[in-house]
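Breakdown of the fold
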There are 2 protein chains.
Amino acid sequence: MDVHSVDWEKMEWTPVRPGIQRKAFSGDGATLALHLLQPGHETRPHSHPHEQIVYIMSGLVDFHIGDSVVRLGPGGVAKIPGDVIHYAEVIGDQPVLNLDIFTPARPEYA
Amino acid sequence: MDVHSVDWEKMEWTPVRPGIQRKAFSGDGATLALHLLQPGHETRPHSHPHEQIVYIMSGLVDFHIGDSVVRLGPGGVAKIPGDVIHYAEVIGDQPVLNLDIFTPARPEYA
């Protein structure tokens with residue numbers, strides 16, 4: 001069978017907006033989006049109907065989710081329910097590597 | 001709001017079978033399962049109705065998916081469609097850290 005596969009090590013980052021870059025992969029049920037967030041990037045609260053699970057791979061971030069704030073470092077995982085306003089705020093001077101898992105899939109990402 | 005969140009750095013590994021350990025997190029739409037695979041673990045072909053996206057975080061693995069074999073290193077991502085027989089085979093002498101994303105969710109995992 002033809003396996004849908006990519007190598008993120010060889011894939012270029014896609015610029016999203018200043019200080020935010022993305023690599024993404026879509027299955028039928030979920031989209032994985034690896035985001036690189038630079039310290040000081042403009043925060044932009046937003047929502048979408050998709051559930052988003054965030055998994056922090058490196059760096060330190062405050063995730064503002066509804067009226068809550070969750071500080072996540074490497075290994076931190078959190079659920080953002082659909083339609084809840086949220087944004088990420090980098091803490092400290094290190095970039096944040098954040099894997100987002102969206103359901104349903106967002107094929108427009110990849 | 002009450003945010004569903006865990007810290008995988010502080011969570012103990014759950015033994016699955018010899019050579020395989022797991023940490024998991026479920027949302028409503030997806031389950032994330034971080035697997036640590038030791039070289040030489042017994043391979044066990046299996047299938048499930050869930051789609052599974054695999055993301056290799058470290059190590060080298062051959063994923064046998066249906067009649068195909070895909071070699072994945074760090075940054076490698078692949079889709080295993082639902083109901084397709086598959087198994088992972090560690091290549092070399094380093095453990096493999098593999099994040100699996102299942103849709104629909106598998107709440108029995110976490």
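Residues numbered from 1 in each chain as written. Chains lettered and ligands numbered in written order. Predicted model: local features only at pLDDT ≥ 70, side-chain atom pairs only at ≥ 80, totals over all residues. Heavy atoms only, no water.

An unreviewed UniProt entry lists chain A under the name Cupin 2 domain-containing protein, with Rhizobium leguminosarum as the source organism.

1. Remarks on the pairing of strand β3 (residues 20–26) of chain A
Residue and element names in this part refer to chain A. Note the threshold: Three labels apply to residues, based on accessible area from a 1.4 Å probe with only protein chains included: buried if under 20% of the type maximum, exposed if over 50%, partly exposed otherwise in between. Numbered from the N terminus, helices here are DSSP runs of H or I no shorter than four residues, and strands are runs of E no shorter than two. A pair of strands is considered paired only if DSSP assigns at least 2 bridges between the two.
For β3, the buried fraction is high: 6 of the 7 residues fall into the buried class. In terms of strand pairing, strand β2 (residues 14–17) meets β3 through 3 bridges, oriented antiparallel. Bridging from a neighbouring strand, Pro15 pairs with Gln21 of β3. Where β2 hands over to β3, the hairpin turn is made up of 2 residues, of which Gly19 adopts a positive phi near 90 degrees. The hairpin formed by β3 and strand β4 (residues 31–37) contains 4 residues between the paired strands.

2. Digging into the relation of the copies chain B and chain A
Inclusion rule: When the copies are superposed, the least-squares fit takes in the C-alpha atoms of residues with a pLDDT of at least 70 in both. Contact criterion: two residues are considered in contact whenever any of their non-hydrogen atoms come within 4.5 Å of each other.
Turning chain B through 180 degrees and shifting it by 0.0 Å along the axis lays it on chain A, with an RMSD of 0.0 Å. When the rotation and shift are considered jointly, the pair of chain copies conforms to a two-fold rotation axis. Interface overlap between copies is the fraction of interface residues in one copy that are interface residues in the other; for chain B against chain A it reaches 100%, indicating a shared surface.

3. With respect to unusual backbone geometry
With the exception of glycine, the majority of residues adopt a negative phi angle, and the majority of peptide bonds are in the trans configuration. Residue and element names in this part refer to chain A. In this chain, Thr103 is followed by Pro104 through a cis amide linkage whose omega measures -10 degrees. Backbone geometry at Asp83 places phi at a positive 70 degrees, although glycine is not the residue there. With respect to the element layout, Asp83 can be found in the loop between β8 (76–80) and β9 (86–90).

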